Structures are given as C-alpha cells and as structure tokens.
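# Observations on the three-dimensional arrangement
The chain contents come next:
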Amino acid sequence: MAYAAEAEDSIGALAALLRATRAGLPVLPANLIARARHLAEGKDEPWQVASDPEFDGPAWLLHRQVSALAFGVRRIDETYLRSILATAPLPFVDDLIDQRIIQGDVTELIHELESTRRDYLLARLSPGKLDDDALARLGWSDEQRRRALLEGDEVPPEPDGHDLWSALAALRDGGWSALDDLGDLVPAEDRPVVAALHQAHLSGQVDAALAADRTLWPLLESVLPEEKPIRPLTAFHAWAGMRRAYELLVDGHAAQPHNPRGNPQLLNQAYAQAKLLMTRTLPKKAWLLRLEAGNLLAYLLAFGSRLAEAKDLLISLREDYRNGAKKRMVPNTAWAALKANLSLLNKWSERQYVTREEVREEAMNPYFVLGLPHGSPEWNRRWAQLRRSLDTDGKIVINRAKDRIKASAQAGRSLPFFAVPLDMAALRAPENATGLLRPAPRPLPRRTDRPSPEEQAWSRRAAATELLARLRDRRRQDGGDRT
C-alpha cells in the first residue's frame, strides 16, 4: 500500500498505520505503537510514552512541552518558546499570552520572523519596541495617538468626541474641562487620580499622592496660588517653588529697562521663596533643589552687594554636598558651575568698589536683564525685539547687557557670569516619568478568535509529521518502502 506519510493529514495518516498494525500488518515497530496511538488518537500523555533517541526529534520534544502547559506548567524553555512563537497558530499563541504564560520582551526570539507575524507579536508583548512603520502596518491608531500625546503633538478628538488620548492631550495643554470626559475614559486604576485633579483644580492644593505622579507636575504647577510662597511639602512643591523663585528672579531683572533698580518687589519674593526651600527639610528626591535655592540666594546676596555673605553661603553648600548621597545627586555640570560662581565671588571680594552700584553692575547676570534664562542662545534676537519698544534709557540698559554677553562670546570665555541655575535640567519638567499624562504602552488587544480544535492540535500534528518522516527514513535505510 502507499506509504501513509503521503496522506494529507499526518494525524489521519498515523491512524491508518495503527489500523493496519491492528490488522496484522507489520507497518509500525512495537516500540512506537504507544507513541502513534497518542498522536493519532490522543491516548495517554506524551511523557507516558517511552523515550526513543531515534524518534525523539524536535517536534516531539516541543509537543511534550506544549502538552505540559495544559497540566499547569507555566514556564517554557527559551528553545521551545522560540519555536512556539515562530510556528504555532496565532490564536494558540494569543491564548498563552492572555494566560501570561508568554510575557515580557521577546524581541530577540522573533527578530527573524516575517514582518506581519513579528509586528503582531511585538504589539502583543513589547509594544514599546515597535517603530512607527510597524504601527502603520498594523493600523494600530490607538498606539499612534498615545505616542503623539507623549511627543507633545496635537491629538484631535474623534468625530464623536474625545477618546482617551485626545482628552489627555487637552488636559496636558491646560484644558481642565477635559477632566469631565476623562473619568469615563481612563482605566479604573487612574480614576482616583482624575478625581484628585478635580479637587486640586478647585482648591489650589496638591496632596502628596497626586504629586507623586511626575507627569502631572507642569499641570499641577498652574493650580498653585501665585500670591504666596510655595511650601516644599513634597518633591513636586520643591520643584515648583524653585521654578517660581527663578521666574521671579528673571522677571525682577527684566524690569530694569523700565526701572534702573529692576523690580525690587519681585526680587524680594524670589529671595523669600528660595529661602523657604533652604530652611525647610526637603524630601530626599529634592535635595538638589536645595542646592539650587542656595545658589540663587547667593546670587541675590551678591547682587545686593553682600559679597561676604554670598561667598560664605556657597562655601557652606559646597561642604554640605561634598560627600555621601548628596554628592551623588549633583551632576558634574552643576559642580563646575558652583565652583565657577565661587571663583567669581572670590574675585569680586578682592576688588575695591567705590559704590554699591558698582558691585550690582558686576554681579548682575545680563541674560536676566534681557528676560532670558542664563546662557540662552536667543540673547541677540531678544535684544533686537526689546529695543524696538524701549525709550532711550531702556535701550542703554539692554545695550549694556548685550555688549557684556557679546564680549564674553568674542573672548571665547565660557559665560563669566554668575550662573543660576547651576543645572537647567533641575528646573525642567520630568521627561522620562510615566503616569496619567505619559502612560506606558499598553499591549495590543488580541485580534484572533479562540483557537479551533485543529489549531489546538498543531504540535501533535507536527510531531505526527515528524514521526512519519522518520519512519520513512528508517524503512529506506532497511531496504525500501515495503508498505
């Protein structure tokens, strides 16, 4: 008879061989009858079948591993996992993913697969590893809109109103009314955050639980009352307080083109806010902001002709942050700026000034006079903008600031002005945090139905095909196909 491996279905082919064997034809070796019965009829379990090195091929061993999953085994050896991801029907793989038997980063196991299957498995298991082209191939608009949110891009509402991503984008941009939609759109675990945001917006108070979400910091900053200093209750409050002090410092100087002394009220408020950060116990995550606050105070002391006090303060800060955990939190750039500031104070302290105004002029950071952060590359453009709207006295002030910056640049020196802040990164919004406004990627929901009985039997069919092929090879070696 024709050899059974030629049958279209390997399980049916093995069943035919079993029937022939039971009819007395010697088509199956005795030691393989139990294996064939399991594969053809589902009898026994694969680990109850005797091992045979000649016939224990990769497909049989994989089938043993797959069969064990039905009996509570939760871990798949990497070799077999690679095979399952590459060859198993996707509905079967999706079941294992839903059961969290397959989870985590499988990028290295599937990188050689064809793109459609690879993209889908990455989307199900490691969506953050997908590039934009893969998202387009998948037509996964949900993840595309999430990434647009993270990039700060516009995320327009859907035709029938806000979805999660457009509502979050509206809130990110200060549209507090989006909270009314978010309560029904966010996952259940985020609903308390939305409720707390409602309360913070109404009360102007931010509690520690809400402040723990660093993605909300720029938004929460806008609810804090402007008429009183920010008490550093949390790392968020310390950050917002330092930003407030810096904004007041720059704004106070930026008034100089209109008033030779700037705006003393704003400068006093900057001093008070920084002083509050210096004198209160800050959370460990905010230790660097205490150093920044002390540096800002030292600048204002120098600007107020109190050079000795400014110098003593910086020396004290340097010693306080020289060792231990505090030192590890200070970037090298901040240390370099602190040393440069101290060097300036030493130089100014050695000079003989005739008037306090001479000290102020020496200490004053010209970037602030132009209304810019320290070291901003926009100084020339800002100067050109300001001079169009100022009177003669105001132009003299900004011309002097511009000339000082220009002279520094032409001399090739690295900003010989008192640097505030020591490291601008300390004042920026957290960039790598995850939370309500920067949600982590969520796996793609499965796009397959539950596996059919045929798909469930994929490993059994593969093992049957392998067994038939090896039987054929043995018969050829024994002298030909005698069946």
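Each remark here, short or long, concerns the structure printed above.
Here goes a summary of the coordinates provided. Everything numeric here is computed off the predicted structure, so don't read it as measured data.

In this section: the overall build of the protein chain. Counting secondary structure elements, the protein chain contains 26 helices and zero strands. Relative to the compact-globule value of 23 Å for 483 residues, the protein chain shows a C-alpha radius of gyration of 36 Å, a clear excess of over 25%. The buried share of the protein chain, taken over its 483 residues, is 47%. Across the protein chain, contacts joining residues at least 24 apart in sequence account for 59% of those joining residues at least 6 apart. Roughly 24800 Å² of accessible area belongs to the protein chain as shown, and the carbon and sulfur atoms make up 49% of that amount. If you average the places of the 67 positive and of the 66 negative side-chain charges in the protein chain, the two averages end up 7 Å apart.

Next up on the list: the nonpolar core. Of all hydrophobic cores here, the largest spans 96 residues; its most connected members are Leu 171, Leu 182, Leu 197, Phe 236, Leu 249, Leu 296 and Tyr 299. Contact partners of Leu 197, with chain neighbours within four places excluded, come to Leu 171, Trp 176, Leu 179, Leu 210, Leu 216, Leu 219, Leu 220 and Leu 436. Counting 30 residues, the second-largest nonpolar core is a separate cluster that includes Ile 76, Phe 92, Leu 109 and Trp 140.

Before going further, it helps to examine the packing of aromatic side chains. One pass over the structure, following the stated rule, counts 10 aromatic pairs. Measuring from ring centre to ring centre gives 6.2 Å for Tyr 367 and Phe 417, while their planes differ by 75°; the resulting arrangement is edge-to-face. Taken as a pair, Tyr 367 in helix H22 (residues 366-369) and Phe 417 in the loop between helix H24 (392-411) and helix H25 (453-456) lie far apart in primary sequence, 50 residues in all. The class for Phe 417 is buried, based on a relative accessible area of 7%. A connected cluster of aromatic rings, assembled from ring pairs, spans Tyr 246, Tyr 299, Phe 303, Phe 368 and Phe 418.

Okay, helix H2 (residues 33-41) next. Three or more residues of H2 are buried, namely Arg 35, Ala 36, His 38, Leu 39 and Ala 40. Taken together, the buried residues of H2 touch helix H1 (10-22), helix H3 (58-69) and helix H26 (458-477). Gly 42 occupies a position one or two residues after H2 and carries a positive phi of about 75°.

Next up on the list: the pattern of salt bridges. With the rule as written, the count across this model stands at 30 salt bridges. Two residues, Arg 400 and Glu 361, come together in a salt bridge whose shortest N-O distance is 3.2 Å. Of the two residues, Arg 400 is situated in helix H24 and Glu 361 in helix H21 (residues 356-363); the sequence distance between them amounts to 39 residues. Sharing partners across several salt bridges, the network here consists of Asp 94, Asp 95, Asp 98, Arg 124, Arg 446 and Arg 450.

This part covers the packing of helix H23 (residues 379-387) against H24. As a packed pair, H23 and H24 sit with axes 10 Å apart at the nearest point and diverge in direction by 165°. On the basis of their axis angle, the class for H23 and H24 is roughly antiparallel. In the packing of H23 onto H24, the handedness of the crossing is left-handed. Every residue of H24 that contacts H23 at Trp 379, Asn 380, Trp 383, Leu 386 and Arg 387 is listed here: Lys 395, Ile 398, Asn 399, Lys 402, Ile 405 and Lys 406. When its residues are assigned to classes, the contact of H23 with H24 shows five nonpolar, two polar and four charged.

All right, on to the environment of Trp 217 then. In this structure, Trp 217 sits in helix H14 (residues 217-221). Sequence separation between Trp 217 and Ala 429 is 212 residues, and the spatial gap between their C-alpha atoms is 6.9 Å. Every residue in contact with Trp 217, bar those within four places of it in the chain, is listed here: Ala 211, Ala 235, Phe 236, Trp 239 and Pro 430.

The next point concerns H24. Along an α-helix, residues three or four positions apart point the same way, because every turn accommodates 3.6 residues. Its 20 residues give H24 an end-to-end C-alpha distance of 28 Å, which sits within 8% of 28 Å, the value for a rise of 1.5 Å per residue. If you check which residues of H24 are buried, you get Gly 394, Val 397, Ile 398, Ala 401, Lys 402, Ile 405 and Ser 408. Taken down its axis, H24 places every buried residue within 120° of arc, on the same side. For H24, the exposed residues lying more than 90 degrees away from the buried face are Thr 392, Asp 393 and Gln 410. Turning to H24, the residues buried within the fold contact H22 and H23. Backbone nitrogen of Asp 393 and a side-chain oxygen of the N-cap are separated by 3.3 Å at the start of H24; the cap is Asp 391.

Conventions used here
Residues numbered from 1 in each chain as written. Predicted model: local features only at pLDDT ≥ 70, side-chain atom pairs only at ≥ 80, totals over all residues. Heavy atoms only, no water. Helix = DSSP H or I, 4+ residues; strand = E, 2+ residues; numbered from the N terminus. Rg over C-alpha atoms; globule rule 2.2 N^0.38 Å. Buried < 20%, exposed > 50% of the residue type's maximum accessible area, 1.4 Å probe, protein only. Contact = heavy atoms within 4.5 Å. Areas by Shrake-Rupley, 256 points an atom, 1.4 Å probe, with all protein chains shown as cover. Lys, Arg positive; Asp, Glu negative; His and termini not counted. Charge placed at Lys NZ, Arg CZ, Asp CG, Glu CD. Core = buried A, V, L, I, M, F, W, Y, C linked by side-chain atoms within 4.5 Å. Phe/Tyr/Trp six-rings, centres within 6.5 Å; stacked < 30°, edge-to-face > 60°. Salt bridge = Lys/Arg side-chain N within 4 Å of Asp/Glu carboxyl O. Axes fitted to C-alpha atoms, helices over the stretch in contact; angles between N-to-C directions. Parallel < 35°, antiparallel > 145°, perpendicular 65-115°, else oblique. Left-handed = near helix turned anticlockwise from the far one by under 90°. Nonpolar A, V, L, I, M, F, W, Y, C, P; charged D, E, K, R; others polar. Expected span 1.5 Å × (residues − 1). Arc of directions from axis to C-beta. Polar contact = N/O pair within 3.5 Å; in protein donor to acceptor, adjacent residues only side chain to side chain.

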